Amino acid sequence: MKFYEFGERTSPVILLLPGTCCHWKLNFGEVIPLLEQHFHVVCVSYDGFDDTEDTVFPDMIAETEKIESYIQNHFGGTIRAAYGCSLGGSFVGLLVQRKNIHIDHAILGSSDLDQDTPWKAKLKCRIAIPLLHKIVSTGEYPKVLRGLMEKKRTPYRDKFMAMFGIGNGGLPFMKRESIYNQFYSDLITPLEDNIAVPGTTVHCFYAVKMGEEYLHRYQKHFVNPVIHRFDMEHEELLVLYPHQWAEKVKEVCL
């Protein structure tokens, strides 16, 4: 695991946590320069998903412990904010739940917070991981999907899929084992209900077009989360409107 830091160390610290199978720079590269004007930005690059390391993603808890240790050792265990893109929101929830560090503003970005039993999670992985690994490692859709995906292209989908290396050569360093472990452990690692920590405000960037079930999940897992509604798709604000996203994060945290 690596941590990439930007901006003045005297500025409030914001932790950025990438989504499933995302390279940190493809996920947050456009918004880091916008944030570092106001924050000291710390971007996490998970084990198995950094092109400068030969590592394998172990599981959600092991990675969470490494993040906690870094925040404790470098920032005294307290930071202003953490933003989790998609799967990164699961990490944000775990960091708040475990109470080993303190986050003033914990932000979940369109996170689905899916949870399953181990056998259902294994079944989903058996179906999804071979295809996902092929797409991510090559940066291309299999031939059987190319026609369908071409018909469904929109500016949002092009930008969203670019976070997985689609259209720019892929991410060949990502091992199938890392993708499996990340996908599987996220599904089976429980997030408690009614999480509340004094001094921590939980914010949910709710993409309305995902459906109300996700709103219900946010309200189930967290006590009185602040819901920021966007009539958009999953993480559309981040990927398609980076300046507006950065202004919203600044508004929430400063």
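Quick note: structure is the one above.
Quick look at the structure, then.

What counts and what doesn't
- Residues numbered from 1 in each chain as written.
- Predicted model: local features only at pLDDT ≥ 70, side-chain atom pairs only at ≥ 80, totals over all residues.
- Heavy atoms only, no water.
- Helix = DSSP H or I, 4+ residues; strand = E, 2+ residues; numbered from the N terminus.
- Rg over C-alpha atoms; globule rule 2.2 N^0.38 Å.
- Buried < 20%, exposed > 50% of the residue type's maximum accessible area, 1.4 Å probe, protein only.
- Contact = heavy atoms within 4.5 Å.
- Areas by Shrake-Rupley, 256 points an atom, 1.4 Å probe, with all protein chains shown as cover.
- Lys, Arg positive; Asp, Glu negative; His and termini not counted.
- Charge placed at Lys NZ, Arg CZ, Asp CG, Glu CD.
- Core = buried A, V, L, I, M, F, W, Y, C linked by side-chain atoms within 4.5 Å.
- Pairing = 2+ DSSP bridges.
- Right-handed = clockwise from strand over helix to strand, strands pointing away.
- Polar contact = N/O pair within 3.5 Å; in protein donor to acceptor, adjacent residues only side chain to side chain.
- Axes fitted to C-alpha atoms, helices over the stretch in contact; angles between N-to-C directions.
- Parallel < 35°, antiparallel > 145°, perpendicular 65-115°, else oblique.
- Left-handed = near helix turned anticlockwise from the far one by under 90°.
- Salt bridge = Lys/Arg side-chain N within 4 Å of Asp/Glu carboxyl O.

Another point: the overall build of the protein. When its secondary structure is counted, the protein shows 11 helices and 7 strands. For a compact globule of 254 residues, the expected C-alpha radius of gyration is about 18 Å, and the protein comes in at 17 Å, within 12% of that figure. When the backbone C-alpha atoms are referred to their principal axes, the protein occupies close to 50 × 40 × 40 Å. Out of the 254 residues belonging to the protein, those deemed buried represent 52%. Of the contacts made within the protein by residues no fewer than 6 positions apart, 79% connect residues no fewer than 24 positions apart. For the protein, the accessible surface area stands at approximately 11600 Å², while carbon and sulfur atoms represent 51% of it. Once the 27 positive and 32 negative side-chain charges of the protein are each reduced to a mean point, those two points are 6 Å apart.

Let us look at the nonpolar core. Within the largest apolar cluster, 61 residues are counted, with the highest numbers of intra-cluster contacts made by Leu15, Leu17, Tyr46, Ile67 and Phe164. Setting aside chain neighbours within four positions, we find Phe164 in contact with Thr20, Cys21, Cys22, Val136 and Leu171. Counting 26 residues, the second largest nonpolar core, distinct from the first, contains Ile32, Leu35, Ala81 and Val249.

With that settled, consider the pairing of strand 5 (residues 102-109). Most of strand 5 sits inside the fold, with 6 of its 8 residues counted as buried. Strand direction decides the pairing type here: strand 4 (residues 78-85) and strand 5, joined by 7 bridges, are parallel. Opposite Gly84, over in strand 5, you have Leu108 as the bridge partner. In the classification by handedness, the crossover that spans strand 4, the intervening helix 4 (residues 87-98) and the parallel strand 5 is right-handed. As judged from the 5 bridges shared by strand 5 and strand 6 (residues 201-207), these two strands associate in the parallel manner. For Gly109, the partnering residue across the bridge sits in strand 6 and is Phe205.

Looking now at the side chain of His228. By the element assignment, His228 lies in strand 7 (residues 226-230). Accessibility expressed as a relative area gives 11% for His228, which makes it buried. At 2.9 Å, the side chain of His228 and the side chain of His203 are in polar contact. A polar atom in the side chain of His228 sits 3.4 Å from the side chain of Lys248. Among residues more than four places away in sequence, those in contact with His228 are His203, Cys204, Phe205, Tyr206, Lys248 and Val252.

Burial analysis of strand 4 places 6 of its 8 residues in the buried class, which makes it a mostly covered element. Summarising the sheet, strand 2 (residues 13-17) and strand 4 pair through 4 bridges and their orientation is parallel. Bridged to Ile14 within strand 4 is Ala81.

Before going further, it helps to examine the environment of Lys120. On the secondary structure map, Lys120 appears in helix 5 (residues 118-138). C-alpha separation for the pair Lys120 and Phe164, spaced 44 residues apart in sequence, amounts to 25 Å.

Moving on: the packing of helix 3 (residues 60-75) against helix 4. Close contact between helix 3 and helix 4 brings their axes to 10 Å; oriented N to C, the two are set at 65°. On the basis of their axis angle, the class for helix 3 and helix 4 is roughly perpendicular. Read as a crossing pair, helix 3 and helix 4 show a hand that is right-handed. Along its contact with helix 3, which presents Met60, Ile61, Glu63, Thr64, Glu65, Ile67 and Glu68, the element helix 4 presents Leu87, Ser90, Phe91, Leu94, Leu95 and Arg98.

Should their charged atoms come close, side chains of opposite charge can pair. Per the stated rule, a full pass over the model turns up 15 salt bridges. Between Arg9 and Glu5 there is a salt bridge, and its shortest N-O distance comes to 2.8 Å. Take Glu5: its relative accessible area is 27%, and that puts it in the partly exposed class. Salt-bridge contacts for Arg98 lead to Glu68; the nearest nitrogen and oxygen are separated by 2.7 Å. Here Glu68 lies in helix 3 and Arg98 lies in helix 4, a separation of 30 residues in the sequence.

This part takes up the environment of His38. Positionally, His38 belongs in the loop between helix 2 (32-35) and strand 3 (40-45). Residue His38 is classed as partly exposed on the basis of its relative accessible area, which comes to 28%. Apart from residues no more than four positions distant in its own chain, His38 is found in contact with Ser11, Pro12, Lys250 and Leu254.

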